[in-house]
Amino acid sequence: MPAPVVLIAEELSPATIAALGPDFDVRHADGADRSALREAIADADAILIRSATQVDAEALSWAPKLKVIARAGVGLDNVDMKAATQAGVMVVNAPTSNIISAAELTVSHILGLARHLPRAHGSLSEGQWKRSSFTGTELFEKTIGIIGLGRIGALVAERLRGFGVELIAYDPYITAARAAQIGAELVELDELVERADFLTIHMPRTPETLGMIGEAQLKAMKPSAYVVNVARGGLIDEDALLAALDAGEIAGAALDVFLQEPPTNTALTGHPKVNVTPHLGASTDEAQEKAGVSVAKSVRLALAGELVPDAVNVAGGTINEYVKPGLPLTEKLGQIFAGLTDGPVTLLDIEVHGELSEHNVEVLRLAALKGFFSQIVSDPVSYVNAPLFAEQRGVEVRFSADAKSESYRNVITLRGTTAEGAQVSVSGTLTGPKQIEKIVGINGYELELPISEHLVVFSYEDRPGIVAAYGGLLGDSGVNIAGLQIARDAKRGTALSVLSVDAPVSTELVAELGRAIGAETLHAIDIVVD
């Protein structure tokens, strides 16, 4: 039998080739040349790429044997995930390869701001000697505010402690005890922006975090303060940042990422108080080598038919066919669970009930954690690193499986406790020949509603007129209700409504809905589908 063909479509390190081993027919091509790619990919079983090769629907149509697309890096903008998934092609990346490089770039930008390094260099290289124009500030005893204490945020904190700084942090999904282990005081966002001399943000870009450092936060900062963003473009409102810099409301900023890349706002990128780099977070030799070696190992696993922890779309490996449909369901339940929580989770129980328990369902534990943390952390989340996020954030995870299921053949439940002692749960199942993903329980209320991309979940005192109230508000805002289920614990007791809607519900509309119906709890949840 001929050896599987692995196509190297871009320049990768020798260590990447070595990690593949001798069992493959390794070939090389210029993936950026479409005609060369078409010829080379025709009989490839796997392709290794970086950012220059576009693996779109057209390229996939040229590759009938392709089983794996391996991106030696984190981003997957050059891979058509939907087309790959529909074709049954696994996509893998290297989600942890760049975390040290990103943390070090953050510290570099903080130091560059403190000592005006780019401007001083530019001045001297032009033949000027203006020492007094570049008087800086020490980091010693300054307050560093870190928004997001995930893997990169924690590494930034670890590296900055040696400068003798005071570390404060905001992260709604981490406990004060975990922050203390890292060496940071956990505070609310308003307090952080007021106290920080340097603010660095390490959050995922979601509808909730987009522009989370905006006009109000920048106005609340010290005029001597600096902001840094090496995480995701758009977390800091670029228009508000430019206005704050022009008004002298803050002293400066450093940006490695932008809402649009390459950026077009030259007033911001060329501002005398701004240091910029062209998205260099992962641009180190070490990060590139780690990424290449990581995906080479994933290719080996995938082509051997084993479980691939870093698969980001389809689960590979020796997973029972009866269990596989439960993976996307469980990931979505993890996302819904995260959306229902207010504050950090200390305990998470993942329960599998029914016929599924006859098989090895440990992978469902990983799927639940992947879904949960994908809504919380800024780093890419996979089966391999999701348990690490739980460990780092002090989340105790318990997993159980049994044959008992009263209403459905199988039910998967996520049940947890927050640091404040609140109990949260969500249950789901697959129904019918088409295996429709449904929510069948939330916080003890029984219901049955297909899972959709956008959900609104709220509880309130059961009384007439509530449906008309929230239906009118959503309609006036142009948000269509696609599905609705109401459950209650007693007549005129507490009721729970779950809405499936066709578009995201803004934070402002959520607040307006809460006021209109006197909601006890209200959560808008947007589910991300790989």
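None of the values given here were measured: they were computed from a predicted structure.

Turning to helix α5 (residues 99-115), a few remarks are in order. End to end, α5 covers 25 Å across 17 residues, agreeing with the expected 24 Å (1.5 Å per residue, within 8%). The buried count for α5 comes to 12 of 17 residues, which makes it a mostly enclosed element. Inspection of α5 places Ile-99, Ser-101, Ala-102, Ala-103, Leu-105, Thr-106, Val-107, His-109, Ile-110, Gly-112, Leu-113 and Ala-114 among the buried residues, and these make up the whole buried set. A positive phi of about 55° marks His-116, the residue just after α5.

Okay, the nonpolar core next. In terms of nonpolar packing, the biggest core is built from 45 residues, with Ile-336, Phe-373, Leu-414 and Val-426 touching the most fellow members. Leave out the neighbours within four places in its chain, and Ile-336 touches Val-426, Ile-439, Ile-451, Leu-455, Ile-525 and Ile-527.

Turning our eyes to something else, we now look at the pattern of salt bridges. What the rule picks out here adds up to 22 salt bridges. The partner of Asp-25 in a salt bridge is Arg-27, with the nearest N and O atoms 2.8 Å apart. The exposure class assigned to Asp-25 is partly exposed, which follows from its relative accessible area of 28%. Note that Asp-45 and Lys-65 form a salt bridge whose closest N and O atoms lie 3.9 Å from each other. Pair noted here: Asp-45 is in the loop between α2 (34-41) and β3 (46-49) and Lys-65 is in the loop between α3 (57-61) and β4 (68-71), with a separation of 20 residues, a long-range link. Residue Asp-45 is classed as buried on the basis of its relative accessible area, which comes to 7%. Of the residues examined, Lys-65 reaches a relative accessible area of 38% and is grouped as partly exposed. Through salt bridges with shared partners, one network takes in Glu-166, Glu-185, Glu-191 and Arg-195.

Where burial is concerned, most of strand β13 (residues 345-354) is hidden: nine out of the 10 residues are buried. Summarising the sheet, β13 and strand β14 (residues 396-402) pair through seven bridges and their orientation is parallel. Note that in β14 the partner of Val-352 across the bridge is Ala-401.

With that settled, consider a nonpolar patch on the surface. A contiguous nonpolar patch, built from Val-467, Leu-484 and Ile-486 and spanning about 220 Å² of accessible area, is present on the exposed surface. One can find Leu-484 in strand β20 (residues 481-488).

Here four strands make up an open sheet; going across it, the order is β20-β21-β19-β22 and the pairing antiparallel. Every other strand in the sheet has two partners, leaving β20 and β22 (521-526) as the edge strands with one partner each. When the angles between neighbouring strand axes are averaged without regard to direction, this sheet yields 15°. Pairing analysis gives eight bridges linking strand β19 (residues 454-461) to strand β21 (residues 494-501), with the strands arranged antiparallel. Note that in β21 the partner of Tyr-460 across the bridge is Ala-495. Docked against the sheet, helix α18 (residues 507-517) engages β19 and β22, running at close to 150° with respect to β22.

Their axes nearest at 9 Å, the elements α5 and helix α7 (residues 151-161) cross at an angle of 50°. Taken together, the axis directions place α5 and α7 in an arrangement best described as oblique. In this structure, the crossing between α5 and α7 has a hand that is right-handed. Contacts from Ile-99, Ile-100, Ala-102, Ala-103, Glu-104, Thr-106, Val-107 and Ile-110 in α5 reach Arg-151, Ile-152, Leu-155, Val-156, Arg-159 and Leu-160 in α7. Grouping the constituent residues of the contact of α5 with α7 by class yields 10 nonpolar, one polar and three charged.

Let us look at the sheet that holds strand β16 (residues 423-431). Backbone-to-backbone hydrogen bonds join strands into a sheet, with any given pair of strands oriented parallel or antiparallel. Reading across the sheet, the six strands line up as β14-β13-β15-β16-β17-β18 and stay open at both edges, with mixed pairing between neighbours. Here the strands that pair on one side only, and so sit at the sheet edges, are β14 and β18 (445-450). In this sheet, adjacent strand axes meet at a mean angle of 20° when their direction is disregarded. In this sheet, β18 lies alongside strand β17 (residues 436-442) in antiparallel orientation, the contact comprising four bridges.

What counts, and where the lines are drawn
Residues numbered from 1 in each chain as written. Predicted model: local features only at pLDDT ≥ 70, side-chain atom pairs only at ≥ 80, totals over all residues. Heavy atoms only, no water. Helix = DSSP H or I, 4+ residues; strand = E, 2+ residues; numbered from the N terminus. Expected span 1.5 Å × (residues − 1). Buried < 20%, exposed > 50% of the residue type's maximum accessible area, 1.4 Å probe, protein only. Core = buried A, V, L, I, M, F, W, Y, C linked by side-chain atoms within 4.5 Å. Contact = heavy atoms within 4.5 Å. Salt bridge = Lys/Arg side-chain N within 4 Å of Asp/Glu carboxyl O. Pairing = 2+ DSSP bridges. Patch = residues over 30% accessible without salt bridge, like charges linked within 9 Å, V, L, I, M, F, W, Y side chains within 5 Å. Areas by Shrake-Rupley, 256 points an atom, 1.4 Å probe, with all protein chains shown as cover. Axes fitted to C-alpha atoms, helices over the stretch in contact; angles between N-to-C directions. Parallel < 35°, antiparallel > 145°, perpendicular 65-115°, else oblique. Left-handed = near helix turned anticlockwise from the far one by under 90°. Nonpolar A, V, L, I, M, F, W, Y, C, P; charged D, E, K, R; others polar.

What is shown is where atoms sit, not what they do.
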